[in-house]
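Residue-level structure breakdown
Next come the chains, spelled out residue by residue.
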Amino acid sequence: MRYEVLFEDPMLKKRDDFEDMLEERRNSSDLRYALKCYTPVLYKGLTPCKVSELKQMVLQSDQLGYVITQVSKEKGVTSDEVTGEAAAILEEMAQRLQLSTVRFFAFTLSKVFKTLFRSICINEEGLQRLQQAIHNHPVVLLPSHRSYMDFLLMSYILYTYDLALPVIAAGMDFMGMKVVGEMLRMSGAFFIRRSFGGDKLYWAVFSEYVKIMLKNGYAPVEFFLEGTRSRTAKSLTPKLGLLNIVMDPFLKGEVFDISLVPVSISYERTLEEALYARELLGVPKPKESTSGLFKARKILSEDYGSIHVYFGQPVSVRSLAESRVNRSQFNLIPRHIPTRPSEEILSFVNDSAYRLVRAQEENMVLKPWVLLAFVLLQKQAAEEKQGTALDELTEQAVWLRDLSRQYGAFLHWPDHIPPSEVVSSSLSLHRGLVRISEGRVQLALEQETRGAITPEEELLNKAVVILSCASYRNQALNVFIRPALLASAIHTAASNRKRKTEIYNSFSFLRNMFSNEFILCPGATVQDFEEACYLLVKTGTLQINQQEVLITERGHRTLAFLTSVLDPFLQGYQVVCRFLCEQDGLTEKQFIPAVRKFIIKHLLTGRLRYTEVLSSDLQKNALAALIRLGAVQKIKGYGTLKLNKVMLNSLEDTLGKK
Amino acid sequence: TFKSNPKKQEIMKWNGWGYSDSKFLYNKKGQAEFTGKRYRLSGMIIPGLREWMESTFSANLQHKTPAAPILNSSAVQPPTLNEAFLKELKSTGIPFSHDAEDRVFRSHGHCLHEIFALREGKIGRVPDLVVWPNCHNDVVKIVELACKHNVCLIPYGGGTSVSSALECPPEETRSIVSLDTSQMNRILWIDEKNLTAHVEAGIVGQDLERLLNESGYCTGHEPDSMEFSSLGGWVATRASGMKKNIYGNIEDLVVHIKMVTPRGVIEKSCQGPRMSTGPDVHHFIMGSEGTLGVVTEVTMKIRPMPEYQKYGSVVFPNFEMGVACLREVARQRCAPASIRLMDNEQFKFGHALKPQVSSIFTSFLDGLKKFYITKFKGFDPNRLCVATLLFEGDREKVLQHEKQVYDIAAKFGGLAAGEDNGQRGYMLTFVIAYLRDLGMDYYVIGESFETSMPWDRVLDICRNVKARIVRECKDKGVQFPPLSTCRVTQTYDAGACVYFYFAFNYRGLSDPVHVYEQVEHAAREEILANGGSLSHHHGVGKLRKEWMRESISSVGMGMLKSVKDYVDPNNIFGNRNLL
């Protein structure tokens, strides 16, 4: 159950085999399956209790009692009123897990999944480990979040394999869908408001509710570390609030240990593919509504390939905290009094969150198409108008296949099939994004359109395809990111004598710059640098002696590829800096529309190479990074941005040299 | 060689607990038996013990690990004698010895590693000389000579330390003299007007109570070790007695202390019951663990002997309910003389120690009780736990008190389970220490350790420490699941004292004592991390001194150090405990 602290040779990573759970669904009655006998293994320390008892426990807890007294004093209202308020919050929040609803979902989802997907593959050993973990300690399930489907899918799997059904933290926006919202509640979802910053009472009810369910082993608690669905397929910087809450009972000694189980859900084709791309380009996200979901359901009646769900090694919070957290810091204050977590705890939770997201990333299954997306996007950016010959594409994909495997990617490339067939079947699954004519392949950028359209509209249409394609490439960025940062750092270093210290400094700059963009654990620069060096030396790209770094004969191709991985991001951040330099006054709200306009202008005049810099995700990350670095300052209360132009200019320059 | 009081040493084991004639063994029929005549259990067959031992530890009667039968004197290093000191000592007429047996006997307490080594015939650094002062003035002379000749003194009382406090520091190059207080064992006077007694500090607990009882009094101070531990040792370690709820702990019982230090004698000038004269200097003495001097005489509170005593017991459906009940009893400040709560494993263990019953009627009654509790009341035999009670005072009040406590217990699902169970529980306190020696004959090693904590953390600490022990054993390669169990032994207004018992079968381990120590170390870390104290009454000694700084802060350490530096600048009292 221990998490390895030091990196190991990624090639040696052991991973479990997959079984297709839909196979049995195709061969036996869904109804009988939905009505099957369900007797999961439960937590050994569990005292069974009803949903209503849970609520009573929360309302009667010392923790909540303390906050209620506090709030009633502050607001000058009776504590009964505040208790009533708390009860209402709890009512709005609480799940009402019912086996009958789960059975209903089991039946309908079986039908839906069989239509949409070829297979749903699960590592059954992971489920065995999970079962053991559920028996021994309270469990927190931490799935990656790429689709609305994720949490229904999770419960579906757990039901199928007779494992304890989780309670799931869900965003309030689902509540808008009346029937569906209630259905989800009855399948274990509990609803949290998106923001409740200063609301002490809300926070107290919420955290106590989660803790009580967890401590009593009522059910595994499930939530998304990334907070929301990633629109780009890159993992998002983890949110710490809930992780903080679920670790608290261990840190305060209320349970012996807690198991955190990262779960990696990989979709061969994302249901929300084009939806996400539009959203990133500024078509606002449609408010979740039941009818909208049905419409989506209709559109989605085509082949979405397979889903891979990998249940990772349970991570023991106790092991994580060992020799990191001094737990006796909680000895001197009664534990029911809410206290702000210390710096030590915050940094511990933060580091743990990054580790867990990395654990999710590591077990994401990559399909051959992901590699094709790399090649096709790079060709597109290089403006190879006539596309790539199929055999060249295949050759490049095979080369990338070998490279990514050496870097430890969990690649599902069927080795018993000739590469050309692998490539063509991948292309055919994603035929909406590619065009093949006369043996040449390119992105399907020229869509048929009715009537005249402006150059701007044309650009945005292209961008939809490019961002969709990028969302597949992004799935593998975590495999390449450290070597890519190193490659870019080497690229900028003086041409003949590449000094290690200089390269390290440059690596460190880039890593710092992009730490809102990629999952790079804070404070682990040295470790990341060494990991990158190790990989590039091992694969024969570099030779490193005491002071210098040498590129080998065959290393150039790898380095060229790796630098090109980072290029779109470098250009994106650069153009954001340029844009900010040219502004006089700007509010945070104006930033996205204005920078988008600026980028469109430059793309149309051909001064920018990468259409994908139109992604609002990239723009937001760049702004966040600039704020973190102090080049931009948020003026509180007004929402205006104060710009440090000298610094922005110099950052732009530095990025430009990379 | 002169031996002033050969009695004690000759009737006690040199490499195990207690009296030589009292021990557990498996007889020819393979039944467990407790030998001797001293205890209620003596001479009895304990039919359930074997099965319990076999099933709890996977121990096997075929796999024996017998102790070395006699001390091999040649394994003892010859004494390093300070001739000048010796010469002057002789002229005082105070008895002394450098006989190997005398020295080895006073070289250890009863930590597992100490006894384990003795059983294997391994002898480390031992005192070079033993002296037996007869009175306060003898001690003054010895300390003066030790200072004059730079000799290291280690006070020795009953030898029941479980904190490595009596171990000679291996780095000590001076001659080490063990100062055995056993001859200073008189009650000097009893003051019935003020209900105090002035007693020499070498007296052991059972003698003190017996002698006071003859005059109709008692101190009521009954630590589990009272058969062997001494008054001076209690003061030096801040001891706690089973009946502290009525009589108080040692710090509540002591009115006046006389201690001989290298700087001279420290004592207060009067016997006022409470003083506001700056920090209480008694508190530098109590818990000083022999690092500052020798306690020679103590004035203690005494009480008339109780008119009536009654044992009792309560069965709870689970440990959580039991703790809740104890907490409520403490809240209402109505704790009996003693109230202890055993967890399920200890409850089962207690059962295994039931002697063979002579009458069919008793066994029938037992069966009936078991049926009532488990079947009729629906208690889960694998979860229930039992509290043992001891009430003391005048008859009427005891009965009233008893009712009050049982009424509270009933609110927490507790069922009265009879006097016998209670009485047996307390009797076992004295024989349980013998049981470790039996375990050690069959590859089982173990020990108990204690802590104190606020009420709200009792359950968490009990759960986490027990689980930590199990996990550490597994991690350290112990082949069989360990016994990891606990009981709440004292209640206070703001918290409780908890004892942990931990033992395992060490077959297959090359260095079992080291494994044991690692696990105990981890368990202590767990206690501290969860808000428990470093010790409730065993003290720090050398075993726990690494945690002193974090326990009392650097400034606190500095305070204690500066006292040591003033009182004993040349580290004459060089046992290196505590700091």
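Here is what the cut-offs are and how they apply
- Residues numbered from 1 in each chain as written.
- Chains lettered and ligands numbered in written order.
- Predicted model: local features only at pLDDT ≥ 70, side-chain atom pairs only at ≥ 80, totals over all residues.
- Heavy atoms only, no water.
- UniProt positions renumbered as here; feature names shortened; annotations may be inferred.
- 1 Å grid on protein atoms, 1.4 Å probe; cavity = no way out; pocket = protein on both sides within 12 Å on 5 of 7 lines; lining within 4 Å.
- Points joined across faces, edges and corners; volume = space filled by probe spheres on them.
- Helix = DSSP H or I, 4+ residues; strand = E, 2+ residues; numbered from the N terminus.
- Nonpolar A, V, L, I, M, F, W, Y, C, P; charged D, E, K, R; others polar.
- Domains from an automatic or database assignment.
- Contact = heavy atoms within 4.5 Å.
- Polar contact = N/O pair within 3.5 Å; in protein donor to acceptor, adjacent residues only side chain to side chain.
- Buried area = accessible area lost by both parts, 1.4 Å probe.
- Salt bridge = Lys/Arg side-chain N within 4 Å of Asp/Glu carboxyl O.
- Pairing = 2+ DSSP bridges.
- Axes fitted to C-alpha atoms, helices over the stretch in contact; angles between N-to-C directions.
- Expected span 1.5 Å × (residues − 1).
- Buried < 20%, exposed > 50% of the residue type's maximum accessible area, 1.4 Å probe, protein only.
- Patch = residues over 30% accessible without salt bridge, like charges linked within 9 Å, V, L, I, M, F, W, Y side chains within 5 Å.
- Areas by Shrake-Rupley, 256 points an atom, 1.4 Å probe, with all protein chains shown as cover.
- Core = buried A, V, L, I, M, F, W, Y, C linked by side-chain atoms within 4.5 Å.

Looking up chain B in an unreviewed UniProt entry gives the name Alkylglycerone-phosphate synthase, with the organism given as Oreochromis niloticus. Per UniProt, chain B has the following entry under Sequence similarities (unreviewed entry): "Belongs to the FAD-binding oxidoreductase/transferase type 4 family."

Identification of chain A as Glyceronephosphate O-acyltransferase from Oreochromis niloticus is taken from an unreviewed UniProt entry. The Subcellular location (unreviewed entry) comment attached to chain A in UniProt states, word for word, "Membrane".

Turning our attention to empty space enclosed by the protein. Gaps between atoms show up when a probe of the same size as a water molecule is rolled over them. All names here are of chain A. In the structure shown here, the tally under the stated rule is ten cavities of 30 Å³ or more. The computed volume of the second largest cavity comes to approximately 270 Å³. Lining the second largest cavity are 26 residues, and of these R146, A233, K234, N474 and Q475 sit closest to its centre. Those elements that place two or more of their residues in the lining of the second largest cavity are β7 (259-267) and α20 (477-492). Here the element with the most residues in the lining of the second largest cavity is α20; it accounts for four residues. For the lining of the second largest cavity, the class distribution of residues is eleven nonpolar, nine polar and six charged. Counting the residues that make up the lining of the second largest cavity, at least three belong to each of domain 1 (18-269 + 304-363) and domain 2 (481-657).

A word on unusual backbone geometry. Residues and elements named next belong to chain B. Non-glycine residue L195 carries a positive phi angle of around 55°. With respect to the secondary-structure elements, L195 resides in the loop between β8 (187-191) and β9 (196-200). Of note, the phi angle at N571 is positive, near 50°, even though the residue is not glycine. Within the secondary structure layout, N571 lies in the segment after α19 (548-567).

All names here are of chain B. UniProt tags Y499 as "active site" (unreviewed entry). Mapped onto the fold, Y499 is located in strand β21 (residues 495-505). With residues up to four places along the chain from it excluded, the contact list for Y499 reads S448, F449, E450, T485, C486, R487, T489, H537 and H538. A distance of 3.1 Å separates a polar atom in the side chain of Y499 from a polar atom in the side chain of H537.

Okay, the domain arrangement of chain B next. Residue and element names in this part refer to chain B. Each domain of chain B was delimited in the assignment, giving domain 1 (8-180), domain 2 (187-304) and domain 3 (308-429). For domain 1 and domain 2, the distance between their C-alpha centroids amounts to 24 Å. The interface of domain 1 with domain 2 comprises 17 residues on the first partner and 17 residues on the second. Here domain 1 packs against domain 2, burying approximately 1,400 Å² in sum over the two surfaces, 70% of which is carbon and sulfur. Our enumeration of links across domain 1 and domain 2 arrives at zero salt bridges. Residue contributions to the side of domain 1 that touches domain 2 peak at five residues, all from helix α6 (residues 136-149). Classifying every residue of the side of domain 1 that touches domain 2 by side-chain character gives eleven nonpolar, six polar and no charged.

In this section: the sheet that holds strand β15 (residues 586-587) of chain A. Adjacent strands of a sheet pair through backbone hydrogen bonds, lying either parallel or antiparallel. Pairing in this open sheet of three strands is antiparallel, and the strands run β15-β17-β16 (chain A) from one edge to the other. In the strand order of this sheet, the two ends are held by β15 and β16 (632-635) of chain A, each with one partner.

In the numbering adopted here, UniProt assigns the feature "domain: FAD-binding PCMH-type" (unreviewed entry) to residues 123-305 of chain B. Each end of residues 123-305 of chain B is marked by a C-alpha atom, and these two atoms are 44 Å apart; helix forms 23% of the span and strand 25%.

Take the sheet that holds strand β3 (residues 44-46) of chain B next. All names here are of chain B. The antiparallel open sheet is built from three strands, whose spatial order is β1-β2-β3. What marks the edges here is a single partner per strand, and that holds for β1 (24-26) and β3. Adjacent strand axes in the sheet meet at a mean angle of 35° when their direction is disregarded. When strand β2 (residues 32-34) meets β3, the two strands line up antiparallel, connected through three bridges. By the bridge assignment for β3, E33 is matched with I45. Contacts between helix α16 (residues 419-441) and the sheet are confined to β1 and β2, with β1 contributing the most and set at about 45° to the helix.

Here we take up α6 of chain B. End to end, α6 of chain B covers 20 Å across 14 residues, agreeing with the expected 20 Å (1.5 Å per residue, within 8%). Of the positions making up α6 of chain B, those classed as buried are H136, D138, V139, I142, V143, L145, A146 and H149 of chain B.

Looking now at a nonpolar patch on the surface. Side chains of F371, Y372 and F376 of chain B sit close together on the surface and give an oily, nonpolar patch of about 360 Å² of accessible area. As for its position among the elements, F371 of chain B is in helix α14 (residues 360-376).

A word on the nonpolar core. Across soluble globular proteins, nonpolar side chains have a tendency to be buried as a group. Residues and elements named next belong to chain A. The biggest cluster of nonpolar side chains holds 104 residues, and the ones touching the most others in it are F480, L486, F514, L580 and L626. Residue contributions to this core peak at 14 residues, all from helix α23 (residues 555-581). Setting aside residues no more than four positions away along its own chain, F480 makes contact with F374, L400, L403, S404, Y407, F561 and L562. Counting 63 residues, the second largest nonpolar core, distinct from the first, contains L201, I212, M213 and Y218.

Let's shift gears to the pattern of salt bridges. If you walk through the whole model with that rule in mind, you get 72 salt bridges over all chains. R229 of chain A is paired through a salt bridge with E272 of chain A; the nearest N and O atoms lie 3.3 Å apart. In this pair, R229 of chain A sits in the loop between β6 (221-222) and α11 (241-251) while E272 of chain A sits in the loop between β7 and α12 (273-280), placing the two residues 43 residues apart along the sequence. When the shortest N-O distance is used, the salt bridge between E322 of chain A and R471 of chain B registers 3.7 Å. Taken together, the residues span two chains, with E322 of chain A in the loop between α14 (317-321) and α15 (343-362) and R471 of chain B in helix α17 (residues 458-475). Salt bridges here are not isolated pairs; linked through shared partners, they connect R318 and R327 of chain A together with R468, E472, K476 and E526 of chain B.

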